[in-house]
Amino acid sequence: MKFLTFIAILVLIWTIGLFAFADRVRGFTPAPEPARADAIVALTGPSAERVNAAIRLLEQDKGQRVLISGVNREVRRQELRALTPGSNRLFNCCVDLGFEAEDTVGNAQEIAAWAEAKGYDSLIVVTSDYHMPRALTEIRAAAPGIALTPYAVETPSLDNSRWWKAAVTARRMTLEYMKYLAALARATIGGGSDRPATDEPVMEKAA
């Protein structure tokens, strides 16, 4: 009986955490106007919108350079440029592509190495709203001391206080919550070598 009570308490805590996580995700959008940082990083995802948002921030002089992390090795620079708005001059001079990351842990390591090489102390992080908590956790673990400003891209299907009523949105939120808990655990014990399963690719391999 005590064991069943214990399990019930754990399930209750987990469920409360899931809804708190979902509320945090929805709170990331619409993204407020960010203060200028040293640079901007975009974690590639299932659409070009994350990259587009990062390029728009670059055009607004919100950072010196952009790193697009997790680009598929088969994607050429010209192809990626064709998917993004903005001037060719800015893209050619001030956008770096990262091809090493295959998941969010890899994104964080790639971003940390790039920021260290460039001497950056502050970054604007661009990714999807549901992915932002985990991305920030992983980047902070890989690059402690660097100031991070979230700039989330809204996921329209999650812009609903009743996300749990649709199987697709409930699955996405629950899966991301579990990945976030794993990221928190790694950050707490100072790990990060055990890489989670890769996320959905598009023009990317990461997150």
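Residues numbered from 1 in each chain as written. Predicted model: local features only at pLDDT ≥ 70, side-chain atom pairs only at ≥ 80, totals over all residues. Heavy atoms only, no water.

(A) Representation of the pattern of salt bridges in the model. Inspection of the entire model under this criterion finds 8 salt bridges. Where Arg26 meets Asp23, a salt bridge forms, and the shortest distance between an N and an O atom there is 3.5 Å. With a gap of 3 residues between them, Arg26 and Asp23 both fall in helix 1 (residues 2-27), about one helical turn apart. Residue classification places Arg26 among the partly exposed positions, given a relative accessible area of 24%. The salt bridge involving Glu100 is made with Arg73; its shortest N-O contact spans 2.8 Å. On the criterion of sequence distance, the pair formed by Glu100 in the loop between strand 3 (95-98) and helix 5 (104-118) and Arg73 in the loop between strand 2 (66-69) and helix 3 (77-82) is long-range, its members being 27 residues apart. Residue classification places Glu100 among the exposed positions, given a relative accessible area of 55%. (Salt bridge = Lys/Arg side-chain N within 4 Å of Asp/Glu carboxyl O. Helix = DSSP H or I, 4+ residues; strand = E, 2+ residues; numbered from the N terminus. Buried < 20%, exposed > 50% of the residue type's maximum accessible area, 1.4 Å probe, protein only.)

(B) Examining the pairing of strand 5 (residues 147-153) more closely. Sheet topology note: the strand 4 (residues 122-128)/strand 5 ladder contains 7 bridges and is parallel. Its bridge partner lying in strand 5, Val125 is registered against Pro150. With helix 6 (residues 132-142) bridging strand 4 and the parallel strand 5, this β-α-β connection has right-handed handedness. (Pairing = 2+ DSSP bridges. Right-handed = clockwise from strand over helix to strand, strands pointing away.)

(C) Fine view of the packing of helix 1 against helix 7 (residues 167-189). At their nearest, the axes of helix 1 and helix 7 sit 10 Å apart, and the two run at 100 degrees to each other. Here helix 1 is positioned roughly perpendicular relative to helix 7, judged by the angle of their axes. Mapping the contact onto sequence places Trp14, Gly17, Leu18, Phe21, Ala22, Arg24 and Val25 in helix 1 and Met173, Thr174, Glu176, Tyr177, Met178, Tyr180 and Leu181 in helix 7. Across the contact of helix 1 with helix 7, the residue classes break down as 10 nonpolar, 2 polar and 2 charged. (Axes fitted to C-alpha atoms, helices over the stretch in contact; angles between N-to-C directions. Parallel < 35°, antiparallel > 145°, perpendicular 65-115°, else oblique. Contact = heavy atoms within 4.5 Å. Nonpolar A, V, L, I, M, F, W, Y, C, P; charged D, E, K, R; others polar.)

(D) Highlighting the packing of helix 5 against helix 6. At a minimum axis separation of 8 Å, helix 5 and helix 6 run at an interaxial angle of 45 degrees. The angle between the axes of helix 5 and helix 6 places the two elements in the oblique class. Here the hand of the crossing between helix 5 and helix 6 comes out right-handed. Listed contacts from helix 6 to Thr104, Val105, Ala108, Gln109, Ile111 and Ala112 of helix 5 are Arg134, Ala135, Glu138, Ile139 and Ala142. Classifying every residue of the contact of helix 5 with helix 6 gives 7 nonpolar, 2 polar and 2 charged. (Left-handed = near helix turned anticlockwise from the far one by under 90°.)

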